[in-house]
Amino acid sequence: MRLGYFTMPLHPFERDTTETLHEDRQTIIYADKLGFYDAFVGEHLTDKAENVTNSLMFLATLIPETKNIKLGSGTSKLSHSHPTLLASQAAMFDHLAKGRFIFGISPGALASDAEALGILDQDRNKMFAEAIDVILAIWEREPPYNIDFPDNRFKVTTQVTSVPEIGRGALMKPFQKPLPEIVGTVVAPFSKGVIAMGARNFHPMSANFLMDHWLSSHWNNYCEGKTSVGQVANPADWRVARTIFVSDDAATAERYGRADANSPYRYYYRQMLTKMMMSKRHVIFKKHMDEDDQFVTLDRLLDELVITGTVNEVVDKILALREKVGPFGEIVYAGMDLVDPKLGLRSMELMANEVMPRVNQALGLGSAINVDAPQAAETAAEDAAATEEAAE
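Residues numbered from 1 in each chain as written. Predicted model: local features only at pLDDT ≥ 70, side-chain atom pairs only at ≥ 80, totals over all residues. Heavy atoms only, no water.

A few points about a nonpolar patch on the surface
Nonpolar side chains collect at one region of the surface, where Met92, Leu96 and Met172 lie side by side and expose about 280 Å² of accessible area between them. Looking at the element boundaries, Leu96 is found in helix H3 (residues 83–96). (Patch = residues over 30% accessible without salt bridge, like charges linked within 9 Å, V, L, I, M, F, W, Y side chains within 5 Å. Areas by Shrake-Rupley, 256 points an atom, 1.4 Å probe, with all protein chains shown as cover. Salt bridge = Lys/Arg side-chain N within 4 Å of Asp/Glu carboxyl O. Helix = DSSP H or I, 4+ residues; strand = E, 2+ residues; numbered from the N terminus.)

Digging into the side chain of Arg242
Relative to the assigned elements, Arg242 resides in strand E8 (residues 239–246). Given a relative accessible area of 1%, Arg242 falls into the buried group. (Buried < 20%, exposed > 50% of the residue type's maximum accessible area, 1.4 Å probe, protein only.)

A closer look at the nonpolar core
Grouped together as the largest cluster of nonpolar side chains are 111 residues, with contacts concentrated most on Phe36, Phe209, Tyr269, Phe285, Ile331 and Met351. In contact with Phe285, other than residues within four places in its own chain, are Phe209, Met211, Met272, Leu273, Met276, Val296, Arg300, Leu301 and Leu305. (Core = buried A, V, L, I, M, F, W, Y, C linked by side-chain atoms within 4.5 Å. Contact = heavy atoms within 4.5 Å.)

What about the packing of aromatic side chains?
Within the structure shown, the criterion is met by 14 aromatic pairs. Both rings, one in Tyr5 and one in Phe36, keep their centres 6.3 Å apart while their planes meet at 80°; by these two values the pair is edge-to-face. With Tyr5 in strand E1 (residues 2–7) and Phe36 in the loop between helix H1 (17–34) and strand E2 (38–41), this residue pair connects regions lying 31 residues apart in the sequence. An aromatic cluster is defined as three or more aromatic residues linked by ring pairs; in this entry it consists of Phe93, Phe101, Phe103 and Trp139. (Phe/Tyr/Trp six-rings, centres within 6.5 Å; stacked < 30°, edge-to-face > 60°.)

Topic: the pattern of salt bridges
Evaluation of the coordinates by the stated rule reveals 25 salt bridges. We note a salt bridge from Glu142 to Lys173, for which the minimum N-O separation is 3.9 Å. One end of the pair, Glu142, is in the loop between helix H5 (124–140) and strand E6 (181–186); the other, Lys173, is in the loop between H5 and E6, with 31 residues separating them in the sequence. One salt bridge in this structure joins Arg358 and Glu354, with 3.0 Å as the shortest N-O distance. Taken as a pair, Arg358 and Glu354 lie in helix H12 (residues 341–362) at a separation of four residues, close to a single helical turn. Each of the salt bridges in this network shares a partner with another, and the network as a whole consists of Arg2, Asp38, Glu181, Arg239 and Glu330.

Details of the packing of helix H9 (residues 264–278) against helix H10 (residues 298–305)
Direction vectors running N to C along H9 and H10 enclose 120°, while the axes themselves pass 10 Å from each other. The two elements H9 and H10 meet at a crossing, and its hand is right-handed. Seen from H9, the contacting residues are Tyr265, Arg266, Tyr269, Arg270 and Leu273; seen from H10, they are Leu298, Asp299, Leu301, Leu302 and Leu305. Among the residues making up the contact of H9 with H10, the classes are represented as seven nonpolar, no polar and three charged. (Axes fitted to C-alpha atoms, helices over the stretch in contact; angles between N-to-C directions. Left-handed = near helix turned anticlockwise from the far one by under 90°. Nonpolar A, V, L, I, M, F, W, Y, C, P; charged D, E, K, R; others polar.)

Section: the environment of Glu254
Following the sequence through the fold, Glu254 ends up in helix H8 (residues 250–259). Among the residues examined, Glu254 registers a relative accessible area of 36% and is labelled partly exposed. Distance in space between the C-alpha atoms of Glu254 and Gly335 is 17 Å, their sequence separation being 81 residues. In contact with Glu254, not counting residues within four places along its chain, are Ala259 and Thr308.

Focus: H10
An α-helix turns once per 3.6 residues; consequently, residues spaced three or four apart project the same way. For H10, the full list of buried residues reads Leu298, Arg300, Leu301, Leu302 and Leu305. In this structure, the buried side of H10 is in contact with E8, H8, H9 and strand E9 (306–309).

A few points about empty space enclosed by the protein
The gaps of empty space that remain are located by a probe, the size of a water molecule, rolled over the atoms. Enumeration over the complete set of coordinates arrives at two cavities of 30 Å³ or more. Empty space within the largest cavity amounts to approximately 120 Å³. For the largest cavity, the lining is made up of 15 residues, of which Tyr333, Gly335, Met336, Leu338 and Gly344 are closest to its centre. Elements that contribute at least two residues to the lining of the largest cavity include exactly H1, H9, strand E10 (330–334) and H12. By residue number, the principal contributor to the lining of the largest cavity is H1, which donates three residues. A class-by-class count of the residues in the lining of the largest cavity yields nine nonpolar, three polar and three charged. (1 Å grid on protein atoms, 1.4 Å probe; cavity = no way out; pocket = protein on both sides within 12 Å on 5 of 7 lines; lining within 4 Å. Points joined across faces, edges and corners; volume = space filled by probe spheres on them.)

Pasting the structure below:
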């Protein structure tokens, strides 16, 4: 099993924007030093609490500051831009990162983003489907492209203006051949989009704020998509994000991970509960589809969705999760606001250096952080300690 990282990010919106952007950068640099396999960063245009407006631009600043970690858009919103722009920008990023790139994609669900872009009345799922078809065609074809799919608003050609002898009219292709790994985040139980991911060999990442009992619906639909094209789903391709806090002692784990009024985990789920209730998507927090809303409380979300405890407790909970939902290739650690930088960074350190080796050993996979991923440099532990010292 691999260890990944994902951040929306989600900070108290009264915090200074410059400060939180650089805090998120330093956290991913630290994740690289600890040996995390990949890091995904979200993006929104109109949410003060989630203040990365362009994940590719943000991640580009991390390319020279990191060595091994793969950098993933988490996600690029395909309804927000013309696919020619996204295809070209993602391809250039892949070259800059020399292949340390994962193309995370989604339609874009935030209504205020859509309103600001003038597409509130548009079917963003349809725009997404049309855009990814065009992006893949750009990467597969040669100039002048002549992309004109039926019932697709995006037409791409350089037929009239192409001058091959001087290189004009050609769009950039990715560094990775034939294309980067494509990952889609999945939130809704029984999402039909996961069937399409399986059919197209995109890889799913189940959201960290989805109740455990809904997770198997994602895997089952992914398998259905794979079967539809005569392929067998590989559990290594499934990422499961979870909200995790690891501490040296149980009392701190309970306080910082759940109970304290200033806990970043409590803040996070208060925000998520409010947002999902407003958008009528709070079924993700329910025990079953018809459960009454009165049972969807903040304290229950913290109890059900935050994996917190000492190293041994978190190891046991991750193994119990795997037993419940079946094998998956990567557990993705959800990043939080660093209310207490020392505790936040220590949790990541314990997750990488203690929890994951024990989880993989229990699964009979050896004692590495990432079983099927490149290992971090031998100096990672020393670098991590230095980073924590600086944070203190």
